[in-house]
Amino acid sequence: MESLEIRATYSGILSTWHVAIGDKVYRSQKLAVLTGIAGAVKPDGDVKLVNIHAPRNGTLAELRVVAGCLVTAEDVICTLDWCRHSVVYHGMCADCGEDLTTGHFAEVSSGEQRLSVAYAPSSLSVTIDEARHIEANNARRLLNEKKLTLVLDLDHTLLHATNLAWAHEAFQLSNTLSSDMKGSLMSPRASKHHRGVHFFHLPGSPLPMFIKLRPGLGEFLIRMVNLFELHIYTMGSRPYADLVAKLIDPQRILFRGRITSRDDFPEGRLNQKNLRRLFPCDDSMVLIVDDREDVWLDARSTSVPNLVRARPYAFFSAVGEVFGNQDSVELPHAERLGHIQQNTKQSSSSTSEMNEEATGGNTDMTLSDKTELSKQSEMILEAWSKYDSGDKDHLRRLAEILEECHGKFYMEVDRIGDFSLKTDQSSFSVPADVKKIMSCMRRQVLENCVISFSGVFPKNGRPEACQLWKTASSLGANLSDGISETLTHLVVDEIRGKDTEKTAAVKHREDVFIVSPRWIENCAETLCRENETDYLIFPEQVESSGLSREEWNQQVRSNQQKGRDLHSAPSHPPPTKRMRRLTEEEVDDMERELTAAIDVETHDGTHG
Amino acid sequence: MFFMVSLEKRMHVHPRFFTASLKDTLKDRLMLEVEGTSAGSKGFILKVAEVEEPVPPGLLDEVTGNAIFPLRYQALVFRPYKGEVLDAIVARVMTPGLYAEAGPMTIFVSRQQLPDDMSFDASAECWRSVGEAQQERIEKGSSVRLRIIGMKIEINGFFAIGTLDDHYLGVV
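Residues numbered from 1 in each chain as written. Chains lettered and ligands numbered in written order. Predicted model: local features only at pLDDT ≥ 70, side-chain atom pairs only at ≥ 80, totals over all residues. Heavy atoms only, no water.

A.B. asks: Hey, could you go over the overall build of chain B for me, with residue numbers and the actual values?
C.D. replies: If you tally the helices and strands in chain B, you get one helix and 13 strands. The linear arrangement of helices and strands in chain B, starting from the amino end, is β-α-β-β-β-β-β-β-β-β-β-β-β-β. Its C-alpha radius of gyration of 22 Å places chain B more than 25% over the 16 Å reference for a compact globule of 172 residues. Structurally, chain B occupies a C-alpha span of about 70 × 30 × 25 Å along its principal axes. Going through the 172 residues of chain B one by one, you find that 41% of them count as buried. Counted over contacts in chain B with a minimum sequence separation of 6, partners at least 24 positions apart contribute 59%. (Helix = DSSP H or I, 4+ residues; strand = E, 2+ residues; numbered from the N terminus. Rg over C-alpha atoms; globule rule 2.2 N^0.38 Å. Buried < 20%, exposed > 50% of the residue type's maximum accessible area, 1.4 Å probe, protein only. Contact = heavy atoms within 4.5 Å.)

Below, the structure is given as structure tokens:
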């Protein structure tokens, strides 16, 4: 409750009061009448009256002046108690209970923008000040616990979900063959939940949903939960989001209901994510891990510095290539399995684990099915292990990047020192910014690299507008169109760039790497300068040199370093050169010479 | 608060029910249709106590062929009022306050309306009183006694604002 003093603003006599103590007044309601104002007689003889109006809605608390008294302009005539209405629930103020949608008390100041609270139903809305206050409290808590916030995407980032019919096969295999499975695939250290393929039924959908969790997910989450407060923001539906959360976080300790789905906000249907829905005032402590950047962009921004972009995980698409994506071949098979599944579900009363039901269903299959399965199973296993083993380091690398950013943030915080936490200070600001730290980390990846392109960008277009150019420059590289002496890398398109003039001009140089565009993309994914020898366009360069790959890489890099030193050395000596002091000996020598020269002259007899 | 109110409902009955047990059908249908719904400003109908006898005759609707019976009945309703003190169960705790449910009604208590010595503990997901005085903890599932300071009746239900900041209010 705030108190507002209302002043007379004119000197005169307060003749009448129109309100009493305790009355609820609305904005611009007439409170009192002033008469006898000095010089306020109208030409036709009427005495001018001035009405005093209430500046806002509120309750009259005190009347300081009795009717008929003389007042001056600065005198306080009454005080008004008013409520900020900072939190509104279903149109009612949560502090004073006032219904803000009816009659005179309808909130006139509609200029006051209201925001909804993160993870609260939309029936709750708060003013911007209150939102800032809530965020400040949150930030303070996180700073005390030395944590940051991490928003995770689900699909293609932490897992891959599908409802394709042949995914049944993979699911069957993950259970029947788990005994003789290659241990590395199943990540035996992770909990049972993070192994293999899981399946559940989404309410309202006829097909079952299969989920393959990304390899290394268990360890990733365990590593992150100590340093970050975890949130989920997915483009899936609300039931999907809840089911997946229960799958990867069965004890509700990781996410605790901090889940946003596409049904929660209207822009979800347009495939848009908005960080401001969760953090309306300040996002300098928030990191995002997502495989797509475009969903986070809105009309105003061109990049999202909080985002750590993950490599998309598309397990079922990879394995699907084994089957050539022929649904018609697999469907009868899967349908039969589906029927068997349903039958066992109805008959079994004790099993709740989906796994057990599937194995029950498997044994009902005929012999012919089994042999067919084993042939295809070979192919599936191969594709499966190949895809997963190629991907298993990615989550680990992401964890490293996030930990590094976290470390840098808190180093900065410690450096700044005590940022005077006052308990109710709403103008509290976070001392460091995760966006700046990430941009800095990105720029360090390809610093000292001078990159030119050949055959990559269309000739008549603007290369600066292309994604590859933007990626490379955000990684800190110097980009140029032509060849220069300081060039370190030439990015060449495998098809169109091998025979261009640029490539020919550079091919013989021993200080330039000729790599494919995949090198830049991979550097962006792992945020470290990848080994160029894995992306060479002309691998014969390494072979012809006779060195091992490592040594050749080192040689080229040191050549580049030499070139850098050469170009950075000053061409003329620096202006402030230190004066060389003359030694005693040299002074004596000079004196002797001088005297010798003078004596020679006196010998001539001209001087004395 | 709970009240016994006299209400009226116009029941539409399909001709296939025009049998000797029409009255019983009417009563069963009434209970099915009305129990658990909101009767606007009269309250939330919990149970139909009795149907007023004699049942008035029904009027036939020419278009559909259904009979319309204007039934009068006594029902037990839940009708909260502003200023009332009642017990509720906490459904959710958040930084700006907490949600408590008293039957069909959800009451929001903002953090300003909680005792000044309470603060939100995010890791334990509860509102905890800090200080040497008795350790009060409010979390999901706790029973609290609160006073309603604002109420709104809408088509889909009742919504209220409550307070815990007074004598004898708080965890029960």
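Anyway, onward from the coordinates.
A.B. asks: Tell me about the interface of chain A and chain B, and name the residues and values.
C.D. replies: Each partner contributes residues to the interface: chain A has 24 residues there, and chain B has 22 residues. Taken together, the two surfaces of chain A and chain B that pack against each other cover about 2,000 Å², and 54% of this comes from carbon and sulfur. At the surface where chain A touches chain B, the tally comes to three salt bridges. Only strand E9 (87-89), strand E10 (92-93) and helix H1 (128-145) of chain A provide two or more residues apiece to the side of chain A that touches chain B. Among the elements that take part in the side of chain A that touches chain B, H1(A) stands out by supplying four residues, more than any other. Its residues assigned to classes, the side of chain A that touches chain B shows 12 nonpolar, six polar and six charged. (Buried area = accessible area lost by both parts, 1.4 Å probe. Salt bridge = Lys/Arg side-chain N within 4 Å of Asp/Glu carboxyl O. Nonpolar A, V, L, I, M, F, W, Y, C, P; charged D, E, K, R; others polar.)

A.B. asks: Outline the packing of aromatic side chains, listing residues and values.
C.D. replies: Any pair of aromatic rings gets described here by the distance separating the centres and the angle formed by the planes. On inspection of all chains with the given rule, the structure shows 12 aromatic pairs over all chains. Measuring from ring centre to ring centre gives 6.3 Å for A:Tyr89 and B:Phe159, while their planes differ by 85 degrees; the resulting arrangement is edge-to-face. Taken together, the positions of A:Tyr89 in strand E9 and B:Phe159 in strand E12 (residues 157-163) put the pair across two chains. The class for A:Tyr89 is buried, based on a relative accessible area of 2%. With a centroid separation of 4.8 Å and an interplanar angle of 55 degrees, the aromatic rings of A:Phe453 and A:Phe457 are classed as tilted. The same class applies to A:Phe453 and to A:Phe457, which are both buried. Ring-pair connections join several aromatic residues into one group, and the members of that group are A:Tyr89, B:Tyr99, B:Phe108 and B:Phe159. Seen from the ring of B:Tyr81, B:Arg79 lies directly overhead, with NZ or CZ sitting 4.3 Å from the centre. (Phe/Tyr/Trp six-rings, centres within 6.5 Å; stacked < 30°, edge-to-face > 60°. Lys NZ or Arg CZ within 6 Å of the ring centre and 35° of its normal.)

A.B. asks: With reference to specific residues and values, describe the sheet that holds E9(A).
C.D. replies: Residues and elements named next belong to chain A. A sheet is described by the order of its strands in space; here four strands give the open sequence E10-E9-E12-E11, paired in antiparallel fashion. Bordering the open sheet on either side are E10 and strand E11 (114-116), each of which pairs with just one other strand. Sheet topology note: the E11/strand E12 (residues 124-127) ladder contains three bridges and is antiparallel. Counted as the bridge partner of Arg114 is Thr127 from E12. Packed onto the sheet, H1 meets E9, E11 and E12 and runs at close to 95 degrees relative to E12. (Pairing = 2+ DSSP bridges. Axes fitted to C-alpha atoms, helices over the stretch in contact; angles between N-to-C directions.)

A.B. asks: Requested: an account of the sheet that holds strand E18 (residues 259-260) of chain A, with residues and values cited.
C.D. replies: All names here are of chain A. Taking strand neighbours across the sheet as the criterion, the five strands line up as E18-E17-E13-E19-E20 in an open arrangement whose pairing is parallel. Two strands close off the open sheet at either side, each with one partner strand: E18 and strand E20 (307-309). Relative to strand E17 (residues 228-233), strand E13 (residues 148-152) is paired through five bridges, and the arrangement is parallel. Bridged to Leu152 within E17 is Ile232. Packing of helix H4 (residues 217-225) onto the sheet brings it into contact with E13 and E17, and relative to E17 it is tilted by some 130 degrees.

A.B. asks: Got a sec to walk through the pattern of salt bridges? Specific residues and values, please.
C.D. replies: Summed over all chains, the structure comprises 45 salt bridges over all chains. Between A:Glu532 and A:Arg529 there is a salt bridge, with its nearest N and O atoms 2.9 Å apart. For A:Glu532, a relative accessible area of 0% translates into the label buried. Owing to a relative accessible area of 23%, A:Arg529 belongs among the partly exposed residues under this scheme. For the salt bridge of B:Arg145 with B:Asp87, the shortest nitrogen-to-oxygen distance reads 2.7 Å. Taken together, the residues span a long stretch of sequence, with B:Arg145 in strand E11 (residues 143-154) and B:Asp87 in strand E5 (residues 85-94) at a distance of 58 residues. Among the ionic contacts, a cluster of salt bridges with common partners joins A:Arg214, A:Arg311, A:Asp391 and A:Glu525.

A.B. asks: Mind laying out a negative patch on the surface, listing which residues take part and the relevant values?
C.D. replies: Residues A:Glu584, A:Glu585, A:Asp588 and A:Glu591 make up a contiguous surface patch of negative charge. Position of A:Glu584 relative to the elements: it lies in helix H17 (residues 584-604). (Patch = residues over 30% accessible without salt bridge, like charges linked within 9 Å, V, L, I, M, F, W, Y side chains within 5 Å. Areas by Shrake-Rupley, 256 points an atom, 1.4 Å probe, with all protein chains shown as cover. Lys, Arg positive; Asp, Glu negative; His and termini not counted. Charge placed at Lys NZ, Arg CZ, Asp CG, Glu CD.)

A.B. asks: Could you give me a rundown of helix H1 (residues 22-34) of chain B, with the residues and numbers involved?
C.D. replies: Residue and element names in this part refer to chain B. With 13 residues, H1 extends 18 Å from end C-alpha to end C-alpha; this agrees with the ideal 18 Å at 1.5 Å per step. Looking at H1, one finds that the buried residues are Leu22, Thr25, Leu26, Leu30 and Val34. Along the axis of H1, the buried positions cluster into a sector of 135 degrees, meaning they face one direction only. Along its buried surface, H1 packs onto strand E1 (2-13), strand E2 (44-51) and strand E4 (67-78). The first or second residue beyond H1 is Gly36, which carries a positive phi of 90 degrees. (Expected span 1.5 Å × (residues − 1). Arc of directions from axis to C-beta.)

A.B. asks: Tell me about the layout of surface pockets, and name the residues and values.
C.D. replies: All names here are of chain A. Counted as a void, the second largest pocket has a volume near 830 Å³. Along its surface, the second largest pocket is lined by 24 residues, and Glu293, Arg309, Gln467, Thr471 and Ser474 are the ones closest to its centre. The element that contributes the greatest number of residues to the lining of the second largest pocket is helix H12 (residues 467-474), accounting for five residues. Per-class residue counts for the lining of the second largest pocket are 10 nonpolar, six polar and eight charged. (1 Å grid on protein atoms, 1.4 Å probe; cavity = no way out; pocket = protein on both sides within 12 Å on 5 of 7 lines; lining within 4 Å. Points joined across faces, edges and corners; volume = space filled by probe spheres on them.)

A.B. asks: Which residues make up the nonpolar core, and what values do they have?
C.D. replies: Core analysis: the biggest nonpolar cluster contains 76 residues, and A:Phe220, A:Phe409, A:Ile451 and A:Phe453 have the highest contact counts within it. In terms of residue count, the dominant contributor to this core is helix H10 (residues 394-416) of chain A (nine residues). Apart from residues no more than four positions distant in its own chain, A:Ile451 is found in contact with A:Leu446, A:Ala477, A:Asn478, A:Leu479, A:Ser480, A:Leu487, A:His489, A:Val491, A:Trp519 and A:Ile520. Formed by 23 residues, the second largest nonpolar core is a distinct cluster that contains B:Phe44, B:Met105, B:Val109 and B:Ile148. (Core = buried A, V, L, I, M, F, W, Y, C linked by side-chain atoms within 4.5 Å.)

A.B. asks: Help me get a handle on unusual backbone geometry, residues and values and all.
C.D. replies: Here the bond from B:Glu53 into B:Pro54 is cis, since omega is -5 degrees, no more than 30 degrees from zero. Take B:Pro54: it is sitting in the loop between E2 and strand E3 (59-60). Positive phi values are uncommon outside glycine, yet A:Ser28 reaches one of about 70 degrees. A positive phi angle, near 70 degrees, is found at A:Asn448, a position not held by glycine. As for its placement among the helices and strands, A:Asn448 is situated in the loop between helix H11 (434-443) and strand E21 (450-454). Assessed through its relative accessible area of 43%, A:Asn448 is described here as partly exposed.

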